[in-house]
Amino acid sequence: MEIIDSIQKMQETSNRLRREGKRIAFVPTMGFLHAGHLSLMQAAKKNGDVLAISIFVNPAQFGPNEDLDSYPKALESDLAKAKAVGVDIVFTPTKDQIYPDGFETYVQLERLPHHLCGLSRPVFFQGVTTVVTKLFNIVKPHVAIFGEKDFQQLAIIRRMVNDLNMDIEIIGGTLVRESDGLAMSSRNSYLSDTERKEALRLSQSLTKAQEMVADGERNSAALSAMVSAHIGDCPMAEIDYISVCDPDTLTEVETLTGPTLMALAVTIGTTRLIDNTVLIPS
Ligand code: PAF
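Rules behind the numbers
Residues numbered from 1 in each chain as written. Predicted model: local features only at pLDDT ≥ 70, side-chain atom pairs only at ≥ 80, totals over all residues. Heavy atoms only, no water. Near = heavy atom within 4 Å. Polar contact = N/O pair within 3.5 Å; in protein donor to acceptor, adjacent residues only side chain to side chain. Areas by Shrake-Rupley, 256 points an atom, 1.4 Å probe, with all protein chains shown as cover. Helix = DSSP H or I, 4+ residues; strand = E, 2+ residues; numbered from the N terminus. Nonpolar A, V, L, I, M, F, W, Y, C, P; charged D, E, K, R; others polar. Salt bridge = Lys/Arg side-chain N within 4 Å of Asp/Glu carboxyl O. Buried < 20%, exposed > 50% of the residue type's maximum accessible area, 1.4 Å probe, protein only.

### Side note on the site of the ligand
Here is step 1: If you check the shell around the ligand, you find P28, T29, M30, N58, Q61, V128, V131, F146 and Q153 and nothing else.
Here is step 2: Contacts to the ligand include Q61, whose side-chain N or O atom sits 2.7 Å from an oxygen atom.
Here is step 3: Here Q153 contributes a side-chain N or O atom positioned 2.7 Å from an oxygen atom of the ligand.
Here is step 4: Considering the ligand on its own, with 290 Å² of exposed area, one finds that the protein chains cover 88% of that surface.
Here is step 5: If you list the elements that add at least two residues to the shell around the ligand, you get strand 2 (24–29) and helix 6 (124–139).
Here is step 6: Among the residues forming the shell around the ligand, the class breakdown is five nonpolar, four polar and no charged.

This is how it looks when you write it as structure tokens:
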């Protein structure tokens, strides 16, 4: 496994691999790798000849009061985990390389960021689309994999790649859960034992919503009310949003007529968690 920390070296390596006819698969990450990331890497391996990942905590996607400074890091164990799943290249640029003095170009979508997480994290998606564009230009992948846990991020990346004619296949990787249902996230490490138990309310309420839909419920307000009651019952939980929306446009729907995204963002203690499921009325 090769570790590359310079943009120029990464671009030269990708150019060489492309000349050799190799298909480059790419998984961008912010590190502190968990089984969710590793499953994206395993999926990526099946879709390319060479697997490159990046580890870069992107300051542009954190708001002023968010957790940039405390974001968990574990480079040594990340490298060991990456090696164990068969990653070929780990790209680890510095902040100054990605955002040198004078940097002033950002990639911004007009509509998709103005839903769900974008409402309470106004700079987040502009930071994501900007860094992902830069990483695509540096790593030059043929295919890139993004987790479905960050459903809105995946929708935004797909839209951006389509709108800007980027010649990259985007694949969604299945959301991976702990055995008790908690969606895997690097931020789960912030949770105390009690908070960790209360955090299960997110996946529990999504499961309950699936059951209600299977039993014939089609009214979004009824589904949201159930989730709101289940999560709101916990004093340490603060609901940011409960959205029942079209999975492509992310606009709210009143009545389920086809596959519909239910997405949640909830702060437990001081940790903001997200989770989602696609509800499928039969
Ligand atoms: O999903 C993430 O970890 C980040 O948003 C990404 C895609 C690596 C961009 O910094």
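Having seen the model, we can carry on.
### Considering the pattern of salt bridges
Here is step 1: In the structure shown here, the tally under the stated rule is 13 salt bridges.
Here is step 2: Notably, a salt bridge pairs E169 with R23, separated by 2.8 Å at the nearest N-O pair. Here R23 lies in the loop between helix 1 (7–19) and strand 2 and E169 lies in strand 6 (residues 169–173), a separation of 146 residues in the sequence.
Here is step 3: Assessed through its relative accessible area of 38%, E169 is described here as partly exposed.
Here is step 4: Under the relative-accessibility criterion, R23 is labelled partly exposed at 30%.
Here is step 5: D233 is paired through a salt bridge with R201; the nearest N and O atoms lie 3.9 Å apart. Here D233 is found in the loop between helix 10 (220–232) and strand 7 (237–245), whereas its partner R201 is found in helix 9 (residues 200–214), with 32 residues between them in sequence.
Here is step 6: We classify D233 as exposed; its relative accessible area is 58%.
Here is step 7: Overlapping salt bridges bring together R16, E20 and K22 as one network.

The quantities given are spatial measurements derived from coordinates; they are silent on function.
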